[in-house]
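So you can see what is in the structure, the chains are spelled out below.
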Amino acid sequence: MRTLAFLVILFLPAAASANSCKGASSLRCENILADRFNLSRISNLKMLKRFVERGRLVRVPDSDKRYHLDEHLGEHDAANREFYKYARPDTRDFIERLGEAFRERFGRSIKITSLVRTREYQKRLRKNPNAAPVWGDKSSTHLTGATFDLSFREMSDAEIAWTWDYLRREMRRGHLYAIKEKYGGCFHTMVFPVRKRR
């Protein structure tokens, strides 16, 4: 389970009212926001495939000039790892925009280490004490397909600071919610559906 000792909350998004996450942990806040935006949690591979068929999830290419997917993504279900390279359309679009801005600033791509997960997949991660629960108000929002992890382990201090500032600007605009996971070495980011933003 993630603890506040390993998390730095960047900013509460404008899309959430002041009372939406008052006194809540970061994981609980993510779930409050996921519910506000009616983001379904994906139980199993069958449900994930149905979301893909209906266009609710789209493929994030392994790499282009703006970003690349970690080679270990989906490794806990190797036979179906291609299905863990999907995300909600707005999330995919945001990754592309962020990656383009990062490349223009630093001349290289960003690395994405996690995208959509199912409850079944999340259960396999529970061997890791820092993995979020499968159920409840502190469950992983990767189950919604709206969340991705952006690694900063290979970033310079300047790159980390720039990315942090970029995410904070987007949060002020009510576009997303993000935290900096020090233990996990990533920016954990949930992107809100464009059509439902306020």
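Above this note sits the structure.
A quick note: this is a predicted structure, and the numbers were derived from the prediction, not measured.

**Re the overall build of the protein chain**
Working step 1: Looking only at helices and strands, the protein chain has 5 helices and 8 strands in total.
Working step 2: In the protein chain, the succession of α and β elements from N to C terminus is β-α-α-β-β-β-α-β-α-β-α-β-β.
Working step 3: Taken across its 198 residues, the protein chain has 53% of its residues classed as buried.
Working step 4: For the protein chain, restricting intrachain contacts to residue pairs at least 6 apart in sequence, the fraction spanning at least 24 positions comes to 71%.
Working step 5: Accessible surface, the protein chain as shown: approximately 9,300 Å² in total, 48% of it carbon and sulfur.

**Regarding the nonpolar core**
Soluble globular proteins tend to pack their nonpolar side chains together in the buried interior.
Working step 1: Counting residues in hydrophobic clusters, the biggest one holds 37 residues, and the most contacted among them are F94, L98, I110, I112, L115, F148 and L150.
Working step 2: Setting aside residues no more than four positions away along its own chain, L115 makes contact with V60, L69, L73, Y84, K85, Y86, A87, I95, H142, T147 and F148.
Working step 3: Formed by 10 residues, the second largest nonpolar core is a distinct cluster that contains C29, Y177, M190 and F192.

**Observations regarding helix 3 (residues 89-106)**
Working step 1: With 18 residues, helix 3 should cover 26 Å at 1.5 Å per step; its first-to-last C-alpha distance of 26 Å lies within 8% of that length.
Working step 2: Listed as buried for helix 3 are D90, T91, F94, I95, E96, L98, G99, A101 and F102.

**Quick notes on the packing of aromatic side chains**
Working step 1: In this structure the tally under the stated criterion is 10 aromatic pairs.
Working step 2: Counting every residue linked through ring pairs, the aromatic cluster contains F94, F102, F106, F148, W162 and Y166.
Working step 3: The side chain of R56 reaches across the aromatic face of F51, ending 4.1 Å from its centre.

**Section: the pairing of strand 8 (residues 186-191)**
On a regular strand, one side chain projects to one face of the sheet and the next to the other, so that they alternate.
Working step 1: Burial of strand 8 is extensive: 6 of the 6 residues sit out of reach of the surface.
Working step 2: With 5 bridges joining them, strand 6 (residues 147-151) and strand 8 adopt antiparallel strand pairing. Paired with T147 across the bridge in strand 8 is M190.
Working step 3: Of the pairings in the sheet, the one linking strand 7 (residues 176-181) to strand 8 comprises 6 bridges and is antiparallel in character. The partner of Y177 across the bridge, within strand 8, is M190.
Working step 4: Counting the residues between successive antiparallel strands, the hairpin from strand 7 to strand 8 contains 4 residues, one of them, G185, with a positive phi of roughly 65°.

**As for the pattern of salt bridges**
Working step 1: Under the definition given, this model contains 16 salt bridges.
Working step 2: Where R59 meets E82, a salt bridge forms, and the shortest distance between an N and an O atom there is 2.7 Å. A residue pair is termed long-range when its members are at least 10 positions apart, and R59 in strand 2 (residues 58-59) and E82 in the loop between strand 3 (67-69) and strand 4 (86-87) qualify at 23 residues.
Working step 3: The class for R59 is partly exposed, based on a relative accessible area of 27%.

**Comments concerning the packing of helix 3 against helix 5 (residues 157-172)**
Working step 1: Between helix 3 and helix 5, the shortest axis-to-axis distance is 11 Å and the interhelical angle comes to 140°. Here helix 5 runs oblique to helix 3, going by the angle between their axes. The handedness of the crossing between helix 3 and helix 5 is right-handed. Facing F94, R97, L98, A101, F102, R105 and F106 of helix 3, the residues of helix 5 in contact are A158, E159, W162, T163, Y166, L167 and E170.

Criteria and cut-off values
Positions within a chain are numbered from 1, following the residues in the order the chain's sequence is written. For a predicted model such as this one, the threshold for reporting local features is a pLDDT of at least 70, and the threshold for listing and counting side-chain atom pairs is 80 or more; totals across whole chains, interfaces and linings nevertheless cover every residue. Side-chain numbers here rest on the full set of heavy atoms in the structure, without hydrogens or water. The way it works is that DSSP assigns letters per residue, a run of H or I at least four long becomes a helix, a run of E at least two long becomes a strand, and they are numbered from the N terminus. Buried, partly exposed and exposed residues are distinguished by accessible area as a fraction of the type maximum, computed with a 1.4 Å probe on protein chains only: under 20%, between the cut-offs, and over 50%, respectively. Note on definitions: a residue-residue contact is assigned when non-hydrogen atoms from the two residues lie within 4.5 Å. Calculation of accessible area relied on Shrake-Rupley with a 1.4 Å probe; when residues are assessed, cover is drawn exclusively from the protein chains displayed. For our purposes a nonpolar core is just a set of buried Ala, Val, Leu, Ile, Met, Phe, Trp, Tyr and Cys residues, chained together by side-chain atoms within 4.5 Å. For a helix, the expected span equals 1.5 Å multiplied by the number of residues minus one. Each Phe, Tyr or Trp ring (for Trp, its six-membered ring) is paired with any other whose centre lies within 6.5 Å, and the angle between the two planes then decides the class: stacked below 30 degrees, edge-to-face above 60, tilted in between. Note on geometry: a ring has a charge over it if NZ (lysine) or CZ (arginine) is within 6 Å of the ring centre and within 35 degrees of the ring normal. Note: two strands are recorded as paired if DSSP finds a minimum of 2 bridges between them. Salt bridge criterion: a side-chain nitrogen from Lys or Arg within 4 Å of a carboxyl oxygen from Asp or Glu. Axis lines are fitted through C-alpha atoms, for helices just across the contact stretch, and the angle between N-to-C directions can take any value from 0 to 180 degrees. In what follows, roughly perpendicular refers to angles from 65 to 115 degrees, roughly parallel to angles under 35, roughly antiparallel to angles over 145, and oblique to any angle outside these ranges. When the near helix sits turned anticlockwise from the far one by under a right angle, the crossing is termed left-handed; a clockwise turn instead gives a right-handed crossing.

On their own, these measurements won't tell you what the molecule is for.
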